[in-house]
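# Understanding the architecture of this molecule
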Amino acid sequence: MMLTLKELAQLCDAEIQDEHSSLEISAAADIMNAEVSQVTVLSNAKYTKYLANTKASACFISSKFSTEGAPEGLVFLSCDDPEISFLKAVNVLHPTPEITRSISKQSAIADNVTLGKNINIGAFSTIDEHSSIGDETEIYPSVHIGRNVSVGKNCRIYPNVVIYDNTQLGNNVIIHSGAIIAADGFGYKYRNNQHVKVPHVGNVIIADHVEIGANTCIDRGALGSTTIGAGSKIDNLVQLGHNNQVGRNVIICGQVGISGSCTIGDGAVLAGGVGVADHVNIGQQAVLMARSGIASDIKAGSQMFGSPAKDKKVVWRELVALSKLPELFKKFKDLESRLQKLEN
Amino acid sequence: MMLTLKELAQLCDAEIQDEHSSLEISAAADIMNAEVSQVTVLSNAKYTKYLANTKASACFISSKFSTEGAPEGLVFLSCDDPEISFLKAVNVLHPTPEITRSISKQSAIADNVTLGKNINIGAFSTIDEHSSIGDETEIYPSVHIGRNVSVGKNCRIYPNVVIYDNTQLGNNVIIHSGAIIAADGFGYKYRNNQHVKVPHVGNVIIADHVEIGANTCIDRGALGSTTIGAGSKIDNLVQLGHNNQVGRNVIICGQVGISGSCTIGDGAVLAGGVGVADHVNIGQQAVLMARSGIASDIKAGSQMFGSPAKDKKVVWRELVALSKLPELFKKFKDLESRLQKLEN
Amino acid sequence: MMLTLKELAQLCDAEIQDEHSSLEISAAADIMNAEVSQVTVLSNAKYTKYLANTKASACFISSKFSTEGAPEGLVFLSCDDPEISFLKAVNVLHPTPEITRSISKQSAIADNVTLGKNINIGAFSTIDEHSSIGDETEIYPSVHIGRNVSVGKNCRIYPNVVIYDNTQLGNNVIIHSGAIIAADGFGYKYRNNQHVKVPHVGNVIIADHVEIGANTCIDRGALGSTTIGAGSKIDNLVQLGHNNQVGRNVIICGQVGISGSCTIGDGAVLAGGVGVADHVNIGQQAVLMARSGIASDIKAGSQMFGSPAKDKKVVWRELVALSKLPELFKKFKDLESRLQKLEN
């Protein structure tokens, strides 16, 4: 997509000097890799060192940043929020190719499914009885949607997603390939030398604007629902067990595992590889640092680290102490012998 | 599904007083969320506090529990094992809808596949040559079953499961969506600056009553078999490498990783996120606590924690000591200066 | 497949005495499990103890190993590199059954896709516009290949793999079932109480001879590419985030997670369960031991362990010290009281 700088500025909430209006911009790129006729961004002080040698033709920048040392000819787009302006530029310069929406003849849709307007259903997708697909939603190939599933408007379900029976998806939900929504949770009672399966008759309810990563698993409730609040974002290969209640705008990074029956407060952030035990409450805005293991309730706003996790400052202090521990043993021996001398 | 309390009691090994026989029950729910005309259970002392305010109409309870303080009108179903009685109630009150079993015309089944009685094969599923499907087994849509695979009776293979060639599944096996059975293990020999692939010509053998979670991977043997014993249950996103021998009634929770050529004894429990190195033997009934890292053999019945894992009591003692370590450094300095005074 | 020992020796770079030329070999097996008319290998001193009782008829062995104590009648194949000779034997004795390659009528291939010679495209696979498949490549059933994807020659794409738009695969690439290539990375900007999605308009570029495990996820670049160098091998359930640059011949074991924008040097080894934070550089040939957590740059050739990871020797010293710490507390109290006595 080719745009003039004037068009780009208007679409991205930025301002330019009139003389540059007709400059043509063909792509967006980061400041190290940008080429002639591309637009870049400077929003992080770490990257100012790349400014002098960038080949970009234009650069989003906030008034806080100095343009000193910039290459001659580099045109600045001044704006309040260069990160967001740049995201908009990426979107308009690199639009997703339009596909002609249709319902593939190679799909398998049960008779009593309700289909919205202007939807796409890819080849080899199956939709079972009593389910409904909202307007403008795109179902890619080889998606399976079970019985009595409700998919909202303007959702995007990528190839090979599986959604088990009775799931409810809000509007503007994105689910990436291979994610499995509402499989049975992992529960058994041990009797007479065998594990008796706990039936899972609950479901999964996903609110608006949730995005779910590739190959992530979200188990259905045993009784009742596993829920994910509006605006929450879940990365790839996450395990979210039965009956968890995830709040709004929660961030769950890759390979996190949450056992079951937990409550995750609004705005909490679970970094990569975090594990959470059963029946734990994570307070709002809490930050669980990468690879933390959480076995008990976490207060709102706290920042936790380690496994078992503690306040991150406490953990750092312990880690520093541990690093000096081999030395302490030597000093201790020395002290012991000095004491012995005195005693003798 | 609506049942009278009399019917429910009979189906769930419980007893009621005759006067309540005709009470109608429509659903099962936990004690906090149950509504009028629903049945709940009280089997765990933690939940007695919810008894006074439950809206349930009926409650399974063992003779060990007091019914004191229960709402007037709540009817108790007395039974020996309320957990199991309640599971039965969930199953009868929330039956899986019957599907009409059939072999989809939109599937691709090789000519010489053997198909049992009363099976279902969903749309877009493929079954390659010389494979067989046992009686009463349900294959959901978009399942791929390779060559020479044997699937037993009364199995349930959910959508998008992949089973590579030569796999053997027993009876009553459940495999959830996205699980990959018998892909090549991860083995290479490094020669002349390249990794030479170790051929994987073995297979996977899964015994009766095994359940395998969503997106779990079970690799085939390099030579010989990877085996999973009867009654073992495996959660989501587990990695089970080549040539592992998993015993009977083993529990493997979410995101566990087992490298290869390990032996897991009968009844062992691997909690969430545990990792096990190559060629390790885990004894029967051993419990590996969440996120433990296991690099050497584990005795039967032991309870391990930490990474590298040790006896859980040893680890807890070390963790307590570590938490006091920063304080110890201060005390040590104090001691040192007191000693110095004496020396001078 | 049945071969004479003479044929086998020739195919596997080994030598035998003429008198054994016509011995028939039907299979390869490890030294503990080999049966009559099977060939095994002795390449590791750990396994010499099994030599005396092996039932194998033939055994690859290097001149370094003693054949003393071997069962009478066991024939040795002498060779320079028994491991590699044995791999060749496994391949020739256990060949993958030939399939008749064809393009399934039950696939969905867009009009302007370029198809090479002698390829296979399985049932229910989809290939979108402007993509190309190289000669001799096998696409199994239910694979989805997006728009403008280039797949090289002699690749093998197992069932239910998903490859998003604009991905480039080299030659001789193997991708196991359920792997998701080039889904959007996980990136958001938080504004006005919502997470604004960072568009991902980059792609994934995978070089020759790469193998990717089952259910592994490799995210596309936000801008620019996520790249994997020639000869690198990636195990199952790995999360490789956006814009990572993986070098040549890198080994990434199961359940590793690499956040984003990292550089992994040639020949590095990431053992099972390792986690790597954003923007980290891992030097060439570095070894990250199992379950290490890497938050800062790692020098070439270093061997790291722990979380946060350190030089493995340092970590072992700390772990030994920690194991003695509870004892140190006791000794410290003792010292304290002895000192107090002296003071009084």
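Let us look at the structure shown here. (Residues numbered from 1 in each chain as written. Chains lettered and ligands numbered in written order. Predicted model: local features only at pLDDT ≥ 70, side-chain atom pairs only at ≥ 80, totals over all residues. Heavy atoms only, no water.)

With that out of the way, let us pick up the side chain of Asp235(B). With respect to the helices and strands, Asp235(B) occurs in the loop between β26 (233-234) and β27 (239-240). With residues near it in sequence (within four places) discarded, Asp235(B) still touches Phe186(A), Asp219(A), Gln239(A), Gly213(B), Thr216(B), Ile252(B), Cys253(B) and Gly254(B). (Helix = DSSP H or I, 4+ residues; strand = E, 2+ residues; numbered from the N terminus. Contact = heavy atoms within 4.5 Å.)

Glancing now at the interface of chain B and chain A. Counting from both sides, the interface comprises 58 residues of chain B and, opposite them, 63 residues of chain A. Summing both sides of the interface, chain B and chain A together bury roughly 4,700 Å²; the carbon and sulfur share of this comes to 65%. Counting the surface chain B buries against chain A, the share from its top three residues, Phe124(B), Arg291(B) and Phe332(B), is 13%. Viewed at the interface, chain A and chain B are joined by five salt bridges. A salt bridge links Arg191(A) to Glu83(B); the shortest N-O distance between them is 2.8 Å. Applying the counting criterion to the chain B and chain A interface returns 22 residue pairs in polar contact (both at pLDDT 80 or more). At the level of secondary structure, the elements contributing two or more residues to the side of chain B that touches chain A comprise α2 (82-93), β26, β29 (251-252) and α3 (312-343) of chain B. Tallying contributions element by element places α3(B) first for the side of chain B that touches chain A, with 15 residues. For the side of chain B that touches chain A, the class distribution of residues is 33 nonpolar, 16 polar and nine charged. (Buried area = accessible area lost by both parts, 1.4 Å probe. Salt bridge = Lys/Arg side-chain N within 4 Å of Asp/Glu carboxyl O. Polar contact = N/O pair within 3.5 Å; in protein donor to acceptor, adjacent residues only side chain to side chain. Nonpolar A, V, L, I, M, F, W, Y, C, P; charged D, E, K, R; others polar.)

Right, let's talk about the packing of aromatic side chains for a bit. Counted according to the given criterion, the structure contains 24 aromatic pairs over all chains. Each ring, one from Phe124(A) and one from Phe124(C), has its centre 5.4 Å from the other, and the planes form 70°; the classification is edge-to-face. Residue Phe124(A) is located in the loop between β10 (120-121) and β11 (126-127), and its partner Phe124(C) is located in the loop between β10 (120-121) and β11 (126-127); the two belong to separate chains. Consider the rings of Phe60(C) and Phe86(C), whose centres lie 6.4 Å apart with planes at 70°: the pair is edge-to-face. Of this pair, Phe60(C) sits in strand β6 (residues 58-61) while Phe86(C) is found in helix α2 (residues 82-93), placing the two residues 26 residues apart along the sequence. In this structure, Phe60(C) and Phe86(C) share a single accessibility class: buried. Among the aromatic side chains, those forming a connected cluster through ring pairs are Phe124(A), Phe124(B) and Phe124(C). (Phe/Tyr/Trp six-rings, centres within 6.5 Å; stacked < 30°, edge-to-face > 60°. Buried < 20%, exposed > 50% of the residue type's maximum accessible area, 1.4 Å probe, protein only.)

A common measure of how large an interface is: the accessible area buried when the components associate. Counting residues at the interface gives 58 residues for chain A and 63 residues for chain C. Surface buried jointly by chain A and chain C totals about 4,700 Å² across both partners, of which 65% is contributed by carbon and sulfur atoms. Contact with chain C buries area across many residues of chain A, yet Phe124(A), Arg291(A) and Phe332(A) alone supply 13% of it, more than any other trio. Counting across the interface, chain A meets chain C through five salt bridges. Those elements that provide at least two residues to the side of chain A that touches chain C are α2 (82-93), β27 (233-234), β30 (251-252) and α3 (312-343) of chain A. Element by element, the count of residues in the side of chain A that touches chain C is highest for α3(A), at 15 residues.

This part is about the pairing of strand β20 (residues 188-191) of chain B. Residue and element names in this part refer to chain B. Here β20 pairs with strand β21 (residues 194-197) via four bridges, running antiparallel. Each residue of the ladder has a partner; that of Lys189, found in β21, is Val196. The antiparallel hairpin formed by β20 and β21 contains two residues in its connecting segment, where Asn192 sits at a positive phi of about 50°. (Pairing = 2+ DSSP bridges.)

Glancing now at the relation of the copies chain A and chain C. Placing chain A over chain C gives an RMSD of 0.1 Å and needs a rotation angle of 120°, together with 0.0 Å of translation along the axis. Viewed as a symmetry operation, the transformation between the two copies matches a three-fold axis. Across chain A, the smallest distance between a C-alpha and the rotation axis is recorded for Phe124(A), namely 3.6 Å. (Least-squares fit on C-alpha atoms with pLDDT ≥ 70 in both.)

Okay, the packing of α3(B) against helix α3 (residues 312-343) of chain C next. At a minimum axis distance of 9 Å, the contact between α3(B) and α3(C) shows a crossing angle of 30°. The orientation of α3(B) with respect to α3(C), classified from their angle, is roughly parallel. Considering only the axes of α3(B) and α3(C), their crossing is left-handed. Residue composition of the contact of α3(B) with α3(C), grouped by class: 17 nonpolar, two polar and seven charged. (Axes fitted to C-alpha atoms, helices over the stretch in contact; angles between N-to-C directions. Parallel < 35°, antiparallel > 145°, perpendicular 65-115°, else oblique. Left-handed = near helix turned anticlockwise from the far one by under 90°.)

All names here are of chain B. If you trace the four strands from one edge of the open sheet to the other, you get β3-β4-β5-β6, paired in parallel fashion. Of all strands in the sheet, those with a lone pairing partner are β3 (27-28) and β6 (75-78), marking the two edges. Relative to β6, strand β5 (residues 58-61) runs parallel, the two sharing four bridges. Within the sheet, the bridge partner assigned to Ile61 lies in β6 and is Ser78.

A cluster of nonpolar side chains, namely Leu342(A), Leu342(B) and Leu342(C), defines an oily patch on the protein surface of about 190 Å² accessible area. Its place among the elements puts Leu342(B) in helix α3. (Patch = residues over 30% accessible without salt bridge, like charges linked within 9 Å, V, L, I, M, F, W, Y side chains within 5 Å. Areas by Shrake-Rupley, 256 points an atom, 1.4 Å probe, with all protein chains shown as cover.)

The next thing to look at is the state of the cysteines. Scanning all chains against the criterion turns up zero disulfides over all chains. Free cysteine Cys217(A): the closest other cysteine sulfur is in Cys217(C), separated by 10 Å. Taking relative accessible area as the criterion, Cys217(A) reaches 0% and is therefore assigned buried. Just so you know, Cys59(C) is unpaired, no disulfide at all, and the nearest cysteine sulfur is the one on Cys79(C), 8.8 Å from it. Judged by its relative accessible area of 0%, Cys59(C) is buried. (Disulfide = S-S within 2.5 Å.)

A word on the side chain of Asn244(A). All names here are of chain A. As for its position among the elements, Asn244 is in the loop between β28 (239-240) and β29 (245-246). Classification of Asn244 as buried rests on a relative accessible area of 0%. Beyond its immediate chain neighbours, meaning those up to four positions away, Asn244 contacts Ser225, Thr226, Thr227, Ile258, Ser259, Gly260, Ser261 and Cys262.

All names here are of chain B. With respect to topology, 10 strands assemble into an open sheet ordered β7-β10-β13-β16-β19-β24-β27-β30-β33-β36, the strand pairing being parallel. Two strands in the sheet have a free side with no partner beyond their single neighbour: β7 (108-109) and β36 (293-294). Bridge analysis of strand β33 (residues 275-276) against β36 gives two bridges, and the strand direction is parallel. Paired with Gly275 across the two strands is Gly293, which belongs to β36.

A separate point is unusual backbone geometry. Following Ser307(A), the chain continues to Pro308(A) via a peptide bond in cis, the omega torsion being 0°. Looking at the secondary structure, you find Pro308(A) in the loop between β38 (303-306) and β39 (309-311). Within the chain, Glu136(B) stands out as a residue other than glycine whose phi angle is a positive 70°. According to the relative accessible area criterion, Glu136(B) is partly exposed, its value standing at 33%.

Over its 32 residues, α3(A) runs 43 Å from end to end, which matches the ideal 46 Å to within 8%, given 1.5 Å per residue. The sharpest bend along α3(A) comes to roughly 50°, located at Leu325(A), with the proline Pro326(A) sitting one to four residues further on. In this structure, the buried side of α3(A) is in contact with β38 and β39 of chain A, α3 of chain B together with α3 of chain C. (Expected span 1.5 Å × (residues − 1). Bend = angle between axes of the 7 residues up to and from the residue.)

In a regular helix each residue adds 1.5 Å, so 12 residues correspond to 16 Å; α2(C) covers 16 Å between its end C-alpha atoms and thus fits that length. What α2(C) keeps buried is the set Pro82(C), Ile84(C), Ser85(C), Phe86(C), Leu87(C), Ala89(C), Val90(C) and Leu93(C).

Take the pattern of salt bridges next. Scanning the entire structure with this criterion turns up 39 salt bridges over all chains. Taking the shortest distance from any N to any O, the salt bridge between Lys197(C) and Glu211(A) comes out at 2.8 Å. Here Glu211(A) lies in strand β24 (residues 211-212) and Lys197(C) lies in strand β22 (residues 194-197), a pairing that spans two chains. Classification of Glu211(A) as buried rests on a relative accessible area of 4%. Between Glu138(C) and Arg156(C) there is a salt bridge, and its shortest N-O distance comes to 3.9 Å. Linking Glu138(C) in strand β13 (residues 138-139) with Arg156(C) in strand β16 (residues 156-157), this pair joins segments that are 18 residues apart in sequence. A residue is classified by how much of its surface remains accessible, and Glu138(C), at 10% relative accessible area, is buried. Each of Asp81(A), Glu83(A), Lys189(C) and Arg191(C) takes part in salt bridges that share partners, so that together they form one network.

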